[in-house]
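If you want the building blocks of each chain, they are given just below.
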Amino acid sequence: MNKIRLGIVGFGFMGHCDADMMATFDEIDLVAVADTNPDQLTDAPNGVETYGSMDEMLEKADINVVMISTPNPSHLEMVEKAAAAGKHIICEKPAAMSVEQFDRMVEVTEKAGVIFTVHQQRRWDKDFRIMKEVYDKRMVGDMYVIKSQLYGVNGNMHDWHVFPEMGGGMLYDWGVHLIDQILWMVDSGIDSLYADLRNVINEKVDDYFNILMKFKNGVTAEIELGTYYLTPKRAWFIGGTKGSAMIDGFAGEGKIVRTAHLLENVPGKITMTAAGPTRSFGPPEPGLLQEEPLPEVNVDHRNYFEHFLKAFNGEEEIIVLPEQVRRVLSVMEAVRMSARTGEAVRFE
Ligand SMILES: NC(=O)c1ccc[n+]([C@@H]2O[C@H](COP(=O)([O-])OP(=O)(O)OC[C@H]3O[C@@H](n4cnc5c(N)ncnc54)[C@H](O)[C@@H]3O)[C@@H](O)[C@H]2O)c1
C-alpha cells in the first residue's frame with residue numbers, strides 16, 4: 001500500500017482534529033501543516049514541518065495529499081492551488097460557498113487528474129448508520145417520514161461563524177452534514193423542498209432551520225436544527241407501514257415499535273383522556289405495542305480515512321463523490337430560496 005504524505009492547510013480546530021486522527025494511521029504520514037497565524041503552529045506535532053502559507057507548503061513540502069481546513073470562503077483558492085500542484089485533495093465541508101464555486105473546483109481537479117473529495121465523515125455517525133440500516137432493509141415497511149433533529153443550548157455562534165461572508169451560520173455548518181446524511185440515505189430524486197431559515201438570537205447568521213424534502217419515492221424527510229432550543233437533543237424517527245423506528249442520542253439508543261396486529265378495523269371505542277373523549281388517540285390496549293432492538297452497526301469517523309486510503313491506492317471508488325457534494329450544495333441553495341420567498345421549490 002502506498003503511503004499518504006499529507007499536508008494540512010489551516011491548523012485551527014479542525015486541522016488539529018485531523019492531525020490527531022492521522023496519528024492513528026501507519027499508512028498516513030502527516031508531513032506538514034500550514035497556517036497564516038503563527039500562534040496556531042506552536043503545537044504542531046514533533047517532526048511535522050510548519051509553513052506560514054499554503055504556497056510555501058506546496059513549494060517545499062514532499063506531500064501527495066492536501067487537506068484543506070481553512071474557513072469556507074478560502075476553499076476555492078486552496079483547491080485551485082493544490083490541483084495546479086498535482087496534489088490529491090480532501091476539502092473540509094462545506095466544500096464551497098455556492099454550486100458555481102464548486103463547479104469550478106470540479107473543473108480544475110478533473111483537469112489536473114487528482115482525487116477531489118470532501119470530509120463528510122458524519123456518514124459514519126452511529127445514530128445515522130443505524131437509521132440507514134433501517135431504511136436500506138425496509139425494516140418498518142413502506143416509509144412515509146424520516147425526521148432528523150438536532151437541538152442545542154449554546155445559541156451563540158463563535159469566531160468567523162458569526163459572519164455571513166465567511167460562510168457562517170448553521171446551514172453551512174451542521175446543515176451540510178445533516179442534508180448529506182439524508183441524501184445519501186434516501187435513494188430517490190427530490191420532488192420539492194420547503195424550508196424555514198432563521199436568525200433566532202444571532203444577528204447576521206442563521207441558527208435555526210427546518211427543511212422538508214418530498215422525495216419522488218413517497219418519503220418526506222424533515223431536518224430540524226436549533227442552537228437555542230434549550231433542550232439538547234439528537235433524535236431520529238422513521239415511520240412506516242410496519243412500525244416506527246426511533247433514536248435518542250448520538251450513541252444510537254432507541255427502538256423499533258410495532259403493533260401486535262395491523263389496525264385495519266379500529267373499533268370505535270370511546271376513551272376518556274386528558275384531551276377529552278377520543279377514539280383515535282386513546283392509550284394502546286395491553287400488548288398492542290411491541291418493542292424490538294435497533295440493528296447493530298459498528299462505525300466511526302476513522303472509517304472515512306480508511307476508505308480514502310483505499311481510494312488513494314486504487315482499491316475502491318471514493319465514497320464522497322463530487323456529484324453528491326454538488327447535490328447537497330444545490331439543496332442548500334433551494335433552502336435559502338424557499339426561506340426567502342416562503343414558497344416550496346420544485347427540485348429535481
Ligand atoms: N468535518 C467537520 O465535521 C468539520 C467540523 C468543524 C469545522 N469544519 C470545517 O473546517 C474548516 C475550518 O473550520 P475550523 O472550525 O477548524 O476553523 P478555525 O478558525 O478553528 O481554523 C481555521 C484555521 O485556518 C487558518 N487560516 C485562515 N486563512 C488561512 C489561509 N489563507 N492560509 C492558511 N491558513 C489560514 C486560521 O488561522 C485558522 O488557524 C471550515 O471549513 C469548517 O466548516 C468541518
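Residues numbered from 1 in each chain as written. Predicted model: local features only at pLDDT ≥ 70, side-chain atom pairs only at ≥ 80, totals over all residues. Heavy atoms only, no water.

Draft legend 1. Structural context of helix 8 (residues 322-341). If you check helix 8, its first and last C-alpha atoms are 29 Å apart, about what 20 residues at 1.5 Å a residue would give, namely 28 Å. For helix 8, the elements touching its buried residues are helix 4 (99-112), strand 6 (116-118), helix 6 (171-185), strand 8 (190-198), strand 9 (208-215) and strand 17 (345-346). Phi turns positive, to about 75°, at Gly-342, one or two residues after helix 8. (Helix = DSSP H or I, 4+ residues; strand = E, 2+ residues; numbered from the N terminus. Expected span 1.5 Å × (residues − 1). Contact = heavy atoms within 4.5 Å.)

Draft legend 2. Quick peek at the sheet that holds strand 10 (residues 220-226). Judged by pairing direction, the sheet is mixed, and its nine strands sit side by side in the order 16-13-12-11-7-10-9-8-17 without closing on themselves. The open sheet has two edge strands, strand 16 (289-292) and strand 17, and neither has a second partner. In terms of strand pairing, strand 7 (residues 143-151) meets strand 11 (residues 233-240) through eight bridges, oriented antiparallel. Paired with Ile-146 across the strands is Ile-238, a residue of strand 11. The strands touched by helix 5 (residues 126-136) are strand 7, strand 11 and strand 12 (243-248); relative to strand 11, the strand with the most contacts, the crossing angle is about 0°. (Pairing = 2+ DSSP bridges. Axes fitted to C-alpha atoms, helices over the stretch in contact; angles between N-to-C directions.)

Draft legend 3. Geometry of the side chain of Ser-98. Along the chain, Ser-98 falls in the loop between strand 5 (88-91) and helix 4. A distance of 3.1 Å separates a polar side-chain atom of Ser-98 from the backbone nitrogen of Gln-101. Sequence-distant contacts of Ser-98, defined by excluding residues within four places in its chain, comprise Leu-329 and Glu-333. (Polar contact = N/O pair within 3.5 Å; in protein donor to acceptor, adjacent residues only side chain to side chain.)

Draft legend 4. The site of the ligand, seen in detail. In the vicinity of the ligand lie 23 residues, with Met-14, Asp-35, Asn-72, Lys-93 and Gln-121 positioned nearest. Between the ligand and the protein, one listed contact pairs an oxygen atom with a side-chain N or O atom of Gln-40 at 2.8 Å. The separation between an oxygen atom of the ligand and a polar side-chain atom of His-75 is 3.2 Å. Out of a free accessible area of 860 Å², the ligand has 83% covered by protein chains. Elements with a minimum of two residues in the shell around the ligand: helix 1 (13-22) and helix 3 (75-84). (Near = heavy atom within 4 Å. Areas by Shrake-Rupley, 256 points an atom, 1.4 Å probe, with all protein chains shown as cover.)

Draft legend 5. Molecular detail of a nonpolar patch on the surface. Together, Val-153, Val-200, Ile-201, Tyr-228 and Leu-230 make up a nonpolar patch on the protein surface, roughly 430 Å² of accessible area in all. Its location among the elements puts Tyr-228 in the loop between strand 10 and strand 11. On the accessibility criterion, Tyr-228 (41% relative accessible area) is partly exposed. (Patch = residues over 30% accessible without salt bridge, like charges linked within 9 Å, V, L, I, M, F, W, Y side chains within 5 Å. Salt bridge = Lys/Arg side-chain N within 4 Å of Asp/Glu carboxyl O. Buried < 20%, exposed > 50% of the residue type's maximum accessible area, 1.4 Å probe, protein only.)

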